[in-house]
Every structure is written in structure tokens, then in C-alpha cells.
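Breakdown of the fold
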Amino acid sequence: MLTRLPIMLLAYPEIFLLAAACAILVIDLYLKDATRWVTYALSLAALLGCAVLTTIVTGMTGGQLATTFNGMFVSDMMASTLKMFTYIVVALCLVYSRVYMAERGLYRGEYFALALFATLGMMVMISANHFLTLYLGLELMSLCLYSLVALNRDSAVSSEAAMKYFVLGAIASGLLLYGMSMIYGATGTLEITEVAARAARILQSDDPSNLKGVLAFGLVFIVSGLAFKVGVVPFHMWIPDVYHGAPSAVTLFISTGPKLAAFAMAIRLLVNALQPLSGDTPQFPSGWQDMLVVLSLLSMAIGNLAAIAQSNIKRMLAYSTISHMGFMLLGLLSGIVGGNALSAAEAWSSAMFYAVVYVLMSLGSFGMVVLLSRAGFEAERIEDFKGLNARSPWFAFIMLLLMFSLAGVPPTVGFYAKLAVLQAVLGAGRVWLAVVSVLFALVGTFYYIRIVKLMYFDEPQDAGRIDAKLDVGVLLSANGLAVLVLGILPQPLMQLCFYAIKGL
């Protein structure tokens, strides 16, 4: 572990983004609507600056594990990799949503400031090495997301969705905090790496004070809070309502970057802090891996079956998100087999690969929803995609690639993401779980192929042309083509994820 580094070096990207977001918020006060592009450009420049600083920090640490602020903040390859993906995703969200927000009078400085502060929360979550740091990052991100959902103050649907999100999010935060307090009571520390060491000692000892019971109690609450933030059954109630009620551009934001932060949170809590409680050992026979099995199965079942009945594409994609997060958990629950972690890096890297690929697919899918929406019209119904091939063959092809990838049809990257986590499940000896997962994936194929059928075989309800700004058209096309290119050449991204996880 590196120690001889400037104290605040590892946090330079976060410090820069905090200063930039505050400056942008103040500068925007002096701008008129006609010059709002300045706020937009500065926001993209801030994300570019973060990417440059993250590259510099990674170069100075050599990608090795390094901590600062008394071990509360960590820099490693996983943190650097996920942060770089987060910058790209947030930048694309801002580009995709520019016209949409302007047409609805929401193209204001608050939108950009909240997006940047939410990004700062994601970055802190990704680099957290302490329960308090993790919670601060989580709450910073969550409070910004609540505000973004309610950004359209004239919409009763958006206000209702924001209230539901806020109330359920507060309950989940309470569950998480209570679980952390139980773990602290048993181990006497809040530092993530130290929690793992002390928990392992408690499990190895003859414990007369029943600290093992306290650890198990805390674990249940932590997994419950984590399940809400990831968005899996039975803590999924907020996802369809929030995705539906929020402006489509905000739904695009919520469905992408925060998923990367939620994955990092799962790794920091379950792998780095509570790995001794993973289960399948004589000292702790049933742990968080068994809990994830239940959460994964319920998510794949309810997510896929409920999505079939949806007529609103945002709700359909919301339920599909639940099923995909269930699939992502398959990689996390396959790392430790009989107390042996020899193949853990492969399993956890498959989960990271799946999370990154899902975010890429979700970014393109909701980007298409935002593109088809125009002033006074929300392209939210599945019927709005009817005859898209007649209106724009190119964008229909991009949407086809995205739907095939979400369904797991080769040669798109979604197929290899599913294959990677299924290989991890088989490697852990859970053949039955792999079979059930494939069956639910087949069920999910139906509602994705239905969109393709509507685009290519039905008559359009709206004959208007689809006018996309040059930057949006180019980036959305690249987004769609990326799922095909990464499907043909998935190895570089898979190796990057493996290298990132191996450095934990």
C-alpha cells in the first residue's frame, strides 16, 4: 500500500468537482436564458477536468491501493475505472438531455449543479473506505436525485414520484445506518478493511458474548439497505414509479451513473468489509451470498414478468432494470465457494462487467426515449415506437441493437455479460441457479423483441421526421454501435474489469 503521497492527492478529482460545481452554480446566476450554453459547456469541462485529474492520480499511484484521510478514502484500480466510466456516462446524459430540458423550460443552472453534486456523491461512494465516508457519499447523491426527480415543479406526477423516492430512500438509509451501527458494536471500528479483519477474528474465536449474532443482525440490515439502492426485489417499489414520474432526461440520469456507484457500494460493503460473513464456512454457514441468491431470483422473476404487462416504455425499462440488477448479483454471490476465494476475482469482475454493460445499454435506451420526445410530447408509450424504421431507419437500427443487447442476443455485448455471470455461477457449483436464470432471461426476451416488432412491422402513428442535433446523433449512434463492437470484441473490457477487481 502506498503511503508517501501528498495527503489530499487521492481526492483531487473530488475537490476539483466540488469547487467547479459551486462556481458553476454562482456563474449561472448571472446568465440569461440565451447564454445558458455557458453553464452546459462548463459542466462538461468540469467532468473533463475530473477525468484528467483521475488519470494523473492513477499514474502517480501506479494503480496500486492507496489511502488518505486516516484510511477513510481509498484509491485503487476499481475506483479509477468506475470513476472514468461515471464521467463518460454523466457527460453523455447532459448531451442527450440538452434539447429535451430546453423545450420544457428545465434548462437551468439547478439541473447542472444537481447533476454535478450527484456525480460528486457517486465518486465519494466509489472511493469510500469507511462507513461514514460511504454514507456521506450516498446521501449527497440521493438528495440530489430526489431534487432532480422533482425538478419539474408544475408536474404533479413528478412531485409524487419525488416524495415516494424520498420517503423510501430515507427508510433504506435508516436500515443501512442501523446495520452499520450493529457492525460497529461488534467490531469496534468503522474502517472497512479493519471491519473485515476484526469480523474474521470474531468468527475464529470462541465467542461467549454472542458477537456473531450481532454481526449476523447487522448484516441483514446492511444487505436490506444495499438492496434498495441497487434496486432489487423486495426493495424495488420505488423504481417503476420514479422512472415513470421523473422527466425522461432525469430518468436517463438515474438509470445510469448511480448504478455504477451502487455496484461500488456493494463491493466496498460486502467484499471489502463483510467478506468473512459471505457464508458457506463452518464458522458462518449462511451469509450474504445466500441472501443474494434469494434477492437475485426474486428480481429476475418479478422484474421480467412484470415488464411484460407494461404499456409505458419507461416502466417497462424500469422493471427490466430490476431483472438486470438480479443478474448482476449472480456474479457477486459466486465469489466464495466453501470458504475458498481462489476464483473470486473472476466472479466479481463478471459482476462489474455486467454493471458497466448494463449502464451502457440503459444509456442508449433512455437516450432514444429522450430523442423521440419533443415539446409537448413525451415518447413514453410503447406504441410511440411504432413504425420507427419508416421514420428513421438508422435510429431504428440503433434501438434494435440496444434491445437485442438487453435481451442477451449475440453478437451484442449483453449476451457476453450474461454469459460471464452464468460462468461464474456454474464455477460456484450452482447449476440449478444458472438454469433458472436462463429461463427468466428467455422470458425477458419477449418484451424487448416486441419493441423491435413495433419498429419494423407496424405503421407509424406519427409521420414527423426525427431531427437530432449533430452531437446527440453522433454520440447516440456511437452508444448503440458500442454494444455491437463490444459484443464482437468483449475481451478488453472484461480484462479491464478483472484487473480492477484483482487490485482490491
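Each chain has its residues counted from 1, running along the sequence as written. Residue-level local features of this predicted model are given only where pLDDT is at least 70; pairs of side-chain atoms are given and counted only at 80 or more, and the full residue set underlies all totals for whole chains, interfaces and linings. Only hydrogens and water are removed before side-chain values are computed, so all heavy atoms of the structure are retained for them.

**Regarding a nonpolar patch on the surface**
The test is simple: Each patch groups residues whose relative accessible area exceeds 30% and which form no salt bridge, using 9 Å between like charges and 5 Å between nonpolar side chains of Val, Leu, Ile, Met, Phe, Trp and Tyr. Here, Shrake-Rupley sampling with a 1.4 Å probe gives the accessible areas, and only protein chains in the shown set may cover a residue. The term salt bridge refers to a pairing of a side-chain nitrogen on Lys or Arg with a carboxyl oxygen on Asp or Glu at a separation within 4 Å. Counting from the N terminus, the helices are DSSP H or I runs at least four residues long and the strands are E runs at least two residues long.
Nonpolar side chains collect at one region of the surface, where L426, V431, V435, V438, L439 and L442 lie side by side and expose about 540 Å² of accessible area between them. Among the elements that make up the nonpolar patch, the one with the highest residue count is helix α18 (residues 431-457) (five residues). Among the structural elements, L442 can be located in helix α18.

**Some words on the pattern of salt bridges**
Quick note on the threshold: A 1.4 Å probe rolled over the protein chains alone gives each residue an accessible area, and that area as a share of the maximum for its type sets the label: buried under 20%, exposed over 50%, partly exposed in between.
Per the stated rule, a full pass over the model turns up 14 salt bridges. Taking the shortest distance from any N to any O, the salt bridge between R104 and E103 comes out at 3.6 Å. Between R198 and E194 there is a salt bridge, with the nearest N and O atoms lying 3.0 Å from each other. Here R198 pairs with E194, and both are found in helix α7 (residues 192-204), just four residues apart, close to one helical turn. E194 gets classed as partly exposed once you look at its relative accessible area, which sits at 27%. It is possible to trace a salt-bridge network through shared partners that takes in E160, K164, D241 and R315.

**As for the environment of N479**
Under the convention used in this document: Residue contacts are defined here by distance: any two heavy atoms, one from each residue, within 4.5 Å place the two residues in contact. Any N or O atom pair separated by 3.5 Å or less is treated as a polar contact, with the protein-specific requirement of one donor-capable and one acceptor-capable atom, and with residues adjacent in sequence counted only for side-chain atom pairs.
Within the secondary structure, N479 is located in helix α19 (residues 470-488). Between the C-alpha atoms of N479 and G364, which are 115 residues apart in sequence, the distance is 5.9 Å. Residue contacts for N479: discarding those within four places in its chain leaves Y96, L360, L363 and G364. At 3.2 Å, the side chain of N479 forms a polar contact with the backbone oxygen of L360.

**Brief notes about the packing of aromatic side chains**
Selection criterion: Two aromatic rings, drawn from Phe, Tyr or Trp (for Trp, its six-membered ring), form a pair once their centres lie within 6.5 Å of each other, and the interplanar angle then sorts them: stacked below 30 degrees, edge-to-face above 60, tilted otherwise. Two conditions define a charge located above a ring, namely a distance within 6 Å from the ring centre to NZ of Lys or CZ of Arg, and an angle within 35 degrees of the ring normal.
Counted according to the given criterion, the structure contains 16 aromatic pairs. A ring pair is formed by Y447 and Y448, whose centres lie 4.5 Å apart and whose planes are at 50 degrees; its orientation type is tilted. Judged by relative accessible area, Y447 falls into the buried class, the value being 0%. Lying across the ring of Y100, R104 places its NZ or CZ 3.7 Å from the centre.

**Digging into unusual backbone geometry**
The step from V233 to P234 runs through a cis peptide bond, and the omega angle for that step is 10 degrees. Within the element layout of this structure, P234 appears in the loop between α8 (211-230) and α9 (238-245). Look at the link from P410 to P411: it is a cis peptide, with omega at 5 degrees. By secondary structure assignment, the location of P411 is in the loop between α16 (393-407) and α17 (413-427). Within the chain, F69 stands out as a residue other than glycine whose phi angle is a positive 55 degrees. Classification of F69 as partly exposed rests on a relative accessible area of 34%.

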